[in-house]
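The chain contents come next:
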Amino acid sequence: MRAIVFHQAGPPSVLKLRNDAIEPRLGYGQVKVKVFATSVNPIDHKVRSGTYLPYTLKTPHIPGADVAGVVTECASARSRFTPGDRVYGMPETFYPSVTHGTYAEYICVDEEVLCRMPDSMSFQDAAALPLVTLTAWQALLAARVTAGQRILIHAGSGGVGSMAIQIAKAWGAYVVTTCSAGKYTFVKSLGADECVDYHKDKFEEVYAHDPFDVIVDLIGGPYEARSLKVLKKDGCFQHIMNQGWLPKVGKYADTPVEAFFILKGMLWQLIGWGPRYEVTIVKPNSSQLEIIGRLLTEGKLKAVIDKAAPLDQAQQAHEYVEKGHAKGKVVLTVAR
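Presented here is a report on the structure given in the accompanying data block. Everything numeric in this text was worked out from a predicted model, so none of it was measured. (Residues numbered from 1 in each chain as written. Predicted model: local features only at pLDDT ≥ 70, side-chain atom pairs only at ≥ 80, totals over all residues. Heavy atoms only, no water.)

Quick look at the environment of Ile151
Among the secondary structure elements, Ile151 is positioned in strand 8 (residues 150–153). Placed 17 residues apart in sequence, Ile151 and Ala168 show a C-alpha to C-alpha distance of 8.1 Å. Apart from the residues lying within four places of it in its own chain, the contact partners of Ile151 are Leu140, Val145, Ala168, Ala173, Tyr174, Val175, Val176, Phe212, Val214 and Val216. (Helix = DSSP H or I, 4+ residues; strand = E, 2+ residues; numbered from the N terminus. Contact = heavy atoms within 4.5 Å.)

Have a look at this one:
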């Protein structure tokens, strides 16, 4: 089986294409999927580089947490899938302790994390959607976004941000986003009503007298304190926890301030001193993916793909995504 494997944490060069990787075996409640496409998420390079929960990393490791492919085998005769079904989903393979991800020709996953692809959806589009779209959907749902609200989404041109803009607009919100000036046209094509160039302007000054109902922070660090300055007292701050922010332990301790911000935000909310503070850790949800698939076929959402590359270019794909300037997702095509 062809797969991208790394044997130790490090730079993108540790990613190697193997033609003799061991093909996975079905477990209880699982289906086997021939992978036609997957995609690169920031969490992938954080696991690979050893900056996300490094003390739990197991190797050899096949990265990846988005899958789009065809069912080849089912563990149960009562499975809701049959061989030949086109499926997509987000198995929880983004944890460093899970060694078999989606950068491979085959993967065995719990069938509950998958849903059928709409007939009009391509494998590349399907691979670009699950992790980022579920993250955006679950974050906005937790923030209780409703029509007419003003929402600020940081990093609107990235994978999660580009989907959050579209979902918030589909729900009737007025959307402001931060990005570079060169990406204004792109984020406005997704539905953003206003853009702030983070190179030139400080958003907390621009909107000092026009606070938001909801702020979705996809960056973290100092952005949180700055964002709270322009959030209504009865508003909601949404912190995304799947970007590799977690504080490291022992010799890796360099981001404890992030944990402090989260604990402080939760405490202030509890005692009534601050706005509502929500923390989202993305979870697989096939029901939500089905709704997302319908919105895509209705033209209310679209997959945002910066570029596609074959599996053997995973190293270059990681280098590109790691720079942080991709517009949407980078997809890897797998099946030949």
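Read on, since the account is not over.
Looking at the layout of surface pockets
Estimated volume of the second largest pocket: approximately 240 Å³. If one sorts the elements of the lining of the second largest pocket by residue count, strand 6 (residues 106–110) sits on top with 4 residues. Among the residues making up the lining of the second largest pocket, the classes are represented as 8 nonpolar, 3 polar and 4 charged. (1 Å grid on protein atoms, 1.4 Å probe; cavity = no way out; pocket = protein on both sides within 12 Å on 5 of 7 lines; lining within 4 Å. Points joined across faces, edges and corners; volume = space filled by probe spheres on them. Nonpolar A, V, L, I, M, F, W, Y, C, P; charged D, E, K, R; others polar.)

What about the pairing of strand 10 (residues 194–197)?
Across a regular strand the side chains alternate sides, sitting on one face of the sheet and then on the other. Here 4 bridges tie strand 9 (residues 174–179) to strand 10, and the two strands are oriented parallel to one another. Residue pairing for strand 10: Thr178 is matched across the bridge by Val196. Between strand 9 and its parallel partner strand 10, the chain crosses via helix 5 (residues 184–189), and the hand of that crossover is right-handed. (Pairing = 2+ DSSP bridges. Right-handed = clockwise from strand over helix to strand, strands pointing away.)

Focus: the pairing of strand 4 (residues 67–74)
With 6 of 8 residues buried, strand 4 lies mostly within the body of the structure. Two strands pair when backbone bridges link them, and strand 3 (residues 30–40) and strand 4 are joined in this way by 6 bridges, in the antiparallel orientation. Directly across from Lys34, in strand 4, lies its bridge partner Val70. Strand direction decides the pairing type here: strand 4 and strand 5 (residues 86–89), joined by 4 bridges, are antiparallel. Note that in strand 5 the partner of Val70 across the bridge is Arg86. (Buried < 20%, exposed > 50% of the residue type's maximum accessible area, 1.4 Å probe, protein only.)

What to know about the nonpolar core
Core analysis: the biggest nonpolar cluster contains 92 residues, and Tyr88, Leu114 and Ile151 have the highest contact counts within it. Leaving out residues up to four positions away in the same chain, Leu114 has contacts with Val31, Val33, Val67, Arg80, Phe81, Val87, Tyr88, Gly89, Val109 and Ser286. Judged by nonpolar contacts, the second largest core, of 12 residues, contains Leu152, Val176, Phe212 and Ile215. (Core = buried A, V, L, I, M, F, W, Y, C linked by side-chain atoms within 4.5 Å.)

What about unusual backbone geometry?
In this model, Thr59 is joined to Pro60 through a cis peptide bond whose omega is -5°. On the secondary structure map, Pro60 appears in the loop between helix 1 (42–49) and strand 4. Phi is positive for Leu53, close to 45°, though the residue is something other than glycine. Within the fold, Leu53 resides in the loop between helix 1 and strand 4. Although it is not a glycine, Ala155 adopts a positive phi angle of roughly 60°. Inspection of the secondary structure assignment puts Ala155 in the loop between strand 8 and helix 4 (159–170). Ala155 gets classed as partly exposed once you look at its relative accessible area, which sits at 28%.

Brief notes about the pattern of salt bridges
The tally for this structure, following the rule as stated, stands at 13 salt bridges. One salt bridge in this structure joins Glu322 and Arg48, with 3.1 Å as the shortest N-O distance. Of this pair, Glu322 sits in helix 10 (residues 314–322) while Arg48 is found in helix 1, placing the two residues 274 residues apart along the sequence. Judged by its relative accessible area of 36%, Glu322 falls in the partly exposed class. For Arg48, a relative accessible area of 1% puts it in the buried group. (Salt bridge = Lys/Arg side-chain N within 4 Å of Asp/Glu carboxyl O.)

Some remarks on the packing of aromatic side chains
Applying the stated criterion across every chain, the model contains 6 aromatic pairs. When the ring centre of Tyr106 is taken as reference, the NZ or CZ atom of Lys32 above it lies at 5.3 Å. In this arrangement the basic side chain of Arg226 is found over the ring face of Tyr223, its NZ or CZ atom lying 4.9 Å from the centre. (Phe/Tyr/Trp six-rings, centres within 6.5 Å; stacked < 30°, edge-to-face > 60°. Lys NZ or Arg CZ within 6 Å of the ring centre and 35° of its normal.)

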